[in-house]
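Structural description and commentary
Now for the letters of each chain:
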Amino acid sequence: MFLDTAVNPNATHRYQVKARDAAGNLSPASGELVINVPPLVTARDTQAPTAPGSLRTTQISASSLSLSWLPATDDTGVAVYDVLLNGTVIASLTSTTTNYTASGLRPSTSYTVTVRARDTSGNVSLAATIQVSTAVAAAPSSSSSSSSSSSSSSSSSSSSSSSSSSSSSSSSSSSSSGGKSSSSSSSSSSSSSSSSSSSSSSGGKSSSSSSSSSSSSSSSSSSSSSSGGAGALVSYDFSAGNTPAPKNGWSFASSTWAVLPVPGTAAKGLVFAYDAKRPGDYAWPELRFTMPPSNELWLMFRLHVPTNYEHRADTLISIPASSIQNWKIGDQVRGTDGSSVGLISDVVLAPHGEISATGIMLRNPPSAWDNRVWVGTLHNISRNEAAVSTARAMIGSNNKLMSLWTDGYSWRGLGSSLALEFWPKSAPAGTVSSGSDLAIHYSSGNYTVMGTHMGHSTFITASDRGKYIDVMVRAKLSTSAGAKNGVLETWLRREGQSKYVQIHSITNADMDPRPRGNDKYANWVGDPSDLQPFQRGYLMGWSNAGYDTKTTFYISRVEYFQQFPGELK
């Protein structure tokens, strides 16, 4: 009997036996015995990953839900996270991804959101589940003005509605204190009343009285000039030769930021150039600033829209690179439903930048949110080829316009933050949008990210290309803890318009005044225990959508007020 303890698995072993006598003589060899040793059998992995932890929403809008969760753990490693909406898988994400945005949802609708983890053996974790509702769709904004009827450019929903102003061609008087400018104009004042009237203001608030009726504000507000004058605590006019040097308590993070001529105009402005990027890659020309601290402020800036402005939206379809070697940009791809057709905007043969999977990018495809259309066997109509996709993910399409905060930006702050972001308007499948909507969102503080994007309203249209838009933002913290009466308002004035039009009016924002937080990047004024006002911000910033061609914005004017600006009358 012989026992061989040195055999190798998955190998062939051959044996023969010879006899030997006492003198050492060997017999002929026996016949050969051939034994094939099978591969080493390992125990099958049956242990499922732990459930993803702390599933929560980070942003909610009328049409989207942004989610995040803590990583699951597994003895052999997590391979995939599945995201389910009302029981249907809408995304399968890599093991390093712990956030996702579900888009294309219905307003004011309750959804059951589930995230589960899978390992390489296919074991599925227990589900992390939350019930969440989308926001109410924003009502369309409206505005009206009349040269003959009683009116005020401040919206009645605004907490500044008490600051109605009047000017009259008959006996009238106006006075101001605290830096607020007079409402009358010596060049083109108008009146809807021949009776005497008076107005006065203090600390940015105003009141008016008239023996008959209030008159409309002066039409002398110019669409080509916003002169700063009395009322603006800080004013930069780069067309007039100003530089980004500090002044009156305001300082830009870079005092040498480029100021160049705005093409096709006589203006000069701060340059915000976004280089051409592949779909899914970000661009980031952001200019931060420190401003005079205040619990209430108005910030105005004049934005010049590029002549080549477009707003793109792309969806990544994950496909093995070996299956798409012949696929090209511009090819048409039919979805699994047999009818939806997408246009390839990029072929990803290797991960790059923020894109961790290979596959194709589809430009604004139909049913971009639906796995049932884009996960499975897809057909390249242009090349008569098929490939199997394994996942679908919509690339972020929001671009930053500006932000303000107290002690720390977004989740870094114990206090509040706010931001304006622009999103692509709807466009035919396969095309980029020629315009954008503007939305506002904020953080109530306590180290939370900014929440629901509210008030999606028209911002840039095709007719705005090569022109400027004046943006005016008002921000006011709540008067006391728990009061929930913070104010966020936005007005736009397009080139050629004489008056601002309000597009956002939020008067119940939960923005408590708070002391400085403990994040290492938090800033403060006074003592760290003092309640912190608004004091920092940025202009422009991240473009999550990116641009196909180099796209350059300019800001030719910046004005900062701590009292109600006369131009909003």
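Shown above is the structure to which this text applies.
Residues numbered from 1 in each chain as written. Predicted model: local features only at pLDDT ≥ 70, side-chain atom pairs only at ≥ 80, totals over all residues. Heavy atoms only, no water.

A look at the overall build of the chain
Let me state the cut-off plainly: Here a helix means four or more residues in a row that DSSP labels H or I, a strand means two or more in a row labelled E, and each is numbered from the N terminus. Residue contacts are defined here by distance: any two heavy atoms, one from each residue, within 4.5 Å place the two residues in contact.
Regarding its fold elements, the chain presents one helix and 36 strands. Excluding contacts between residues fewer than 6 apart, the proportion of contacts in the chain whose partners are at least 24 apart in sequence is 67%.

Considerations on the sheet that holds strand β17 (residues 286–294)
Selection criterion: Two strands make a pair as long as DSSP finds a minimum of two bridges between them.
Strand order in the open sheet formed by seven strands is β14-β17-β35-β26-β27-β28-β29, and the pairing between neighbours is antiparallel. Two strands close off the open sheet at either side, each with one partner strand: β14 (251–252) and β29 (454–460). In terms of strand pairing, β14 meets β17 through two bridges, oriented antiparallel. Considered in β17, the bridge of F252 is made with F289.

Quick look at the pairing of strand β4 (residues 65–70)
What counts is decided by this rule: The rule is simple: take the accessible area with a 1.4 Å probe, protein chains only, and divide by the maximum for that residue type; under 20% is buried, over 50% is exposed, in between is partly exposed.
The buried count for β4 comes to five of six residues, which makes it a mostly enclosed element. The pairing of strand β3 (residues 53–60) with β4 spans five bridges and is classified as antiparallel. Residue T57 lies in a different strand from β4, and its bridge partner there is L67. Counting the residues between successive antiparallel strands, the hairpin from β3 to β4 contains four residues. Examined bridge by bridge, β4 and strand β7 (residues 99–102) share four bridges and lie antiparallel to one another. Along β7, the bridge assignment pairs L65 with A102.

Quick word on the packing of aromatic side chains
Applied cut-off: A pair of aromatic rings is counted whenever rings of Phe, Tyr or Trp (Trp by its six-membered ring) have centres within 6.5 Å, and the orientation is called stacked for planes under 30 degrees apart, edge-to-face for over 60 and tilted otherwise. Consider the ring centre and the ring normal. A charge sits over the ring if Lys NZ or Arg CZ is within 6 Å of that centre and within 35 degrees of that normal.
As enumerated under the stated definition, the model contains 21 aromatic pairs in all. Ring pairing ties together the aromatic residues Y236, F238, W250, F252, F289 and Y560, which thus form one cluster. One residue, R288, lies across the ring of Y409, its end atom 5.8 Å from the ring centre. The ring of Y468 is capped by R302, whose NZ or CZ atom sits 4.0 Å from the centre of that ring.

Section: the side chain of S389
Quick note on the threshold: The definition of a polar contact used here is a pair of N or O atoms within 3.5 Å, where within protein one atom must be able to donate a hydrogen and the other to accept one, and adjacent residues in sequence count solely through side-chain atom pairs.
In this structure, S389 sits in strand β24 (residues 385–389). Of note is the side chain of S389, whose polar atom sits 2.7 Å from the backbone oxygen of W374. Dropping the residues within four chain positions of it, S389 is found in contact with I317, S318, I319, W374, V375, G376 and L378.

Focus on the pattern of salt bridges
Where we set the bar: Any carboxyl oxygen of Asp or Glu within 4 Å of a side-chain nitrogen of Lys or Arg constitutes a salt bridge here.
Overall, the coordinates contain 21 salt bridges when judged by the stated rule. Across the salt bridge formed by D370 and R372, the nearest N and O atoms sit 3.0 Å from each other. Across the pair E559 and R557 runs a salt bridge whose closest N-O atoms are separated by 3.6 Å. Side by side, E559 and R557 carry an identical accessibility label, which is buried. Through salt bridges with shared partners, a single network forms among R302, D470, R493 and E567.

Things to note about the sheet that holds strand β5 (residues 78–85)
Which entries qualify depends on this criterion: Axis lines are fitted to C-alpha atoms, over the contacting stretch for helices. Their N-to-C directions set the angle, which ranges from 0 to 180 degrees.
Taken in spatial order, the four strands line up as β6-β5-β8-β9 in an open sheet, and their pairing is antiparallel. Edge positions in the sheet fall to β6 (88–94) and β9 (128–133), since each of these pairs with one other strand and no more. With strand direction ignored, the average angle separating the axes of adjacent strands in the sheet is 20°. Both β5 and strand β8 (residues 110–119) contribute to a ladder of seven bridges, which runs antiparallel. Its bridge partner being in β8, D82 is matched across the sheet by R116.

Overview of unusual backbone geometry
Within the chain, S54 stands out as a residue other than glycine whose phi angle is a positive 50°. Turning to its location among the elements, S54 is positioned in strand β3. Of note in the backbone geometry, S410 takes a positive phi value of approximately 55° without being a glycine. By secondary structure assignment, the location of S410 is in the loop between β26 (399–405) and β27 (417–424). We classify S410 as buried; its relative accessible area is 7%.

Comments concerning the pairing of strand β19 (residues 314–318)
In the case of a regular strand, side chains alternate between the two sheet surfaces. Counting buried positions over the five residues of β19 gives five, a clear majority of the element. As paired strands, β19 and strand β22 (residues 359–363) are joined by five bridges and run antiparallel to one another. Among the inter-strand pairings, L316 is bridged to a residue of β22, identified as M361.

What to know about the environment of S339
Looking at the element boundaries, S339 is found in the loop between β20 (332–334) and β21 (341–348). With 27 residues separating them in the primary sequence, S339 and P366 have C-alpha atoms 9.9 Å apart.

Examining the environment of Y282
Assignment of secondary structure puts Y282 in the loop between β16 (268–274) and β17. Residue Y282 is classed as partly exposed on the basis of its relative accessible area, which comes to 30%. With 72 residues separating them along the chain, Y282 and E354 place their C-alpha atoms 8.0 Å apart.

Observations regarding the side chain of Q502
Within the secondary structure, Q502 is located in strand β32 (residues 501–509). According to the relative accessible area criterion, Q502 is buried, its value standing at 11%. At 2.9 Å, the side chain of Q502 forms a polar contact with the side chain of E489. At 3.3 Å, the side chain of Q502 and the backbone oxygen of H504 are in polar contact.

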